Amino acid sequence: LYVLFEHASGYGLFRVREFEEVSMLLPQVEASVTDVSKFNSVVKLVAFSPFKSGTNALDNMNSVSEGILHDDLRVFIETNVPKSTKKEKVILGVGDSRIGAAISEDLSVKCQQVGVVQELLRGIRVHFAKLVKGLTEKSAGKAQLGLGHSYSRAKVKFNVNRVDNMIIQSISLLDQLDKDVNTFSMRIREWYSYHFPELARIVTDHFKYARLAKLIKNRKELTRELEDEIEEITIDSSVTKSIYDAAKSSMGMDISPIDLLNIEMFATRVIGLSEYRKNLSEYLQTKMQQVAPNLATLIGDQIGARLIAHSGSLTNLAKYPASTVQILGAEKALFRALKTRGNTPKYGLIFHSTFIGRALARNKGRISRYLANKCSIASRIDCFAEYPTAVFGEHLKQQVEDRLKFYESGDVPTKNVDVMKIAVGEAEVVQKKLAKKEKKRKRKAAELEATLETTMETTMEEETEEPIKKKKKKKKKSKEESEEEEMETSVAMDTTAELEDTPSKKPKKKKKKKNAD
């Protein structure tokens, strides 16, 4: 029995001693997992192949996680695992059944992943740094941490072009904001109605009511100067007139300035939340046009976003059959119907679509089934298309409209094959344009990077040239100084020589004179 262990630093192959006593081995392994010396008597390292670099390790781990046999692993097994003979049968223990199936299929090596193998792998994982020579626990920990970060980063980057996570969070926040704004609006109505109860009857819209409460404040101080501002909020002169008439003869109680200040602060908060909700809905609309344009065109931004959020992701929604999409959001009713053996629900989240609302009562189930079918097609196109466009969504929407007319008047709609042929032709034209735009964008990005690199290189060269010039200047100065020093020293030497020569000549002359005498 050989055991293959995939570590962040490389592949390790271990041989299990006394393979004949496998039935006796399991309790022995369980006892020896915590002790290294005991575990060494069970397992022996045969070969260890370290990864060449971090990218190589990430590439290998991605292959292992997907159940694909990497070239490095193939070479490692071929060189180190002996082939089974009639006398000795070789079994390779692996941690994952998918990689085991890939190894046995490609290399015809019998693999095992149950029983004693899991306990052996657990022990190897604990004592791996001590079993491999030259590998410390610190270096093994660093390798695991680095590979873990790079693996997670690669998985996150894989989902960058289809950022459906933002749609899920946005629609959840939008639903929560709807509840909160509704609750707060009812609270401000109750609060301000103590002072001006007639305003709640005149103005029914929550957002307008909060703005008017902030503007009017004390009804006794309401003057004609604010008429234009009130009319701008209400967008109706008759409503403005009725507000002024009600303010003159109101049944409300007087209110203190401190209470009015608190009401005003709360009204500003409600107005801010309402405005943020509008901005969030616009953001969701743009995001849906980027991620799932066909689904958004067919069924609407918010319903499409709710379908994506309920299924977990756009990929999960694309995997669902049309029957599941039809009742998505009505799971409680479905299971209750299955339990009580009653009628199953006809629709879930897609009930909020305008198509089902426009259909007659007898046709609601039929149109919901048809709409779910088209939603399933649209989500698959959005998920797997390289350049998603709204062309298919427009044609699918028209098909649903035609089917509604068929249920009402009996006009036979065009066949799906013919519609899809037209849609494919239009989509190809749009996708070519998008591909050209993408190429231009990439070219511009590459040019920008190149210009940035050249500017960086020039700045670096200038920075390096300046100290060289300074050094040259210093060298020139030092040469001039050395020449001056040499001149000074030569002059000094000449003067000293002259001084030495002059006294030596005088005594000679005296000697000559003496000799003459």
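Residues numbered from 1 in each chain as written. Predicted model: local features only at pLDDT ≥ 70, side-chain atom pairs only at ≥ 80, totals over all residues. Heavy atoms only, no water.

Named according to an unreviewed UniProt entry, the protein chain is Nucleolar protein 56 originating from Lottia gigantea. Under Sequence similarities (unreviewed entry), UniProt gives the following word-for-word description of the protein chain: "Belongs to the NOP5/NOP56 family." (UniProt positions renumbered as here; feature names shortened; annotations may be inferred.)

Draft legend 1. Main features of the packing of aromatic side chains. Under the counting rule described, the total for this entry stands at 11 aromatic pairs. Relative to Phe-266, the ring of Phe-184 lies with its centre 5.8 Å away and its plane at 70°, an arrangement referred to as edge-to-face. Placement of the pair is Phe-184 in helix α8 (residues 164-193) and Phe-266 in helix α13 (residues 257-291), with a sequence separation of 82 residues. On the basis of relative accessible area, Phe-266 is assigned to the buried category, the value being 18%. In textbook terms, an aromatic cluster arises when at least three aromatic residues are bridged by ring pairs, as seen for Phe-5, Phe-14, Phe-48 and Phe-128. Above the ring of Tyr-209, the side-chain terminus of Arg-189 is found at 4.5 Å from the ring centroid. (Phe/Tyr/Trp six-rings, centres within 6.5 Å; stacked < 30°, edge-to-face > 60°. Helix = DSSP H or I, 4+ residues; strand = E, 2+ residues; numbered from the N terminus. Buried < 20%, exposed > 50% of the residue type's maximum accessible area, 1.4 Å probe, protein only. Lys NZ or Arg CZ within 6 Å of the ring centre and 35° of its normal.)

Draft legend 2. Quick peek at a positive patch on the surface. Positive charge collects at one region of the surface, where Lys-432, Lys-433, Lys-436, Lys-437, Lys-439, Lys-440, Arg-443 and Lys-444 lie side by side. With respect to the secondary-structure elements, Lys-439 resides in helix α22 (residues 416-516). (Patch = residues over 30% accessible without salt bridge, like charges linked within 9 Å, V, L, I, M, F, W, Y side chains within 5 Å. Areas by Shrake-Rupley, 256 points an atom, 1.4 Å probe, with all protein chains shown as cover. Salt bridge = Lys/Arg side-chain N within 4 Å of Asp/Glu carboxyl O. Lys, Arg positive; Asp, Glu negative; His and termini not counted. Charge placed at Lys NZ, Arg CZ, Asp CG, Glu CD.)

Draft legend 3. Seen up close, a nonpolar patch on the surface. Together, Trp-191, Tyr-194 and Met-253 line one region of the surface with nonpolar side chains, adding up to about 350 Å² of accessible area. Along the chain, Tyr-194 turns up in the loop between α8 and α9 (198-202).

Draft legend 4. A look at the sheet that holds strand β2 (residues 10-16). Strand order in this open sheet of 5 strands is β3-β2-β1-β4-β5, and the pairing throughout is mixed. Each edge of the open sheet is held by one strand with a lone partner, namely β3 (43-50) and β5 (110-112). Strand-to-strand twist of the sheet, defined as the mean angle between neighbouring strand axes without regard to direction, takes the value 25°. Pairing of strand β1 (residues 2-6) with β2, which is carried by 5 bridges, proceeds in the antiparallel orientation. Within β2, the position partnered with Glu-6 by the bridge is Tyr-11. (Pairing = 2+ DSSP bridges. Axes fitted to C-alpha atoms, helices over the stretch in contact; angles between N-to-C directions.)

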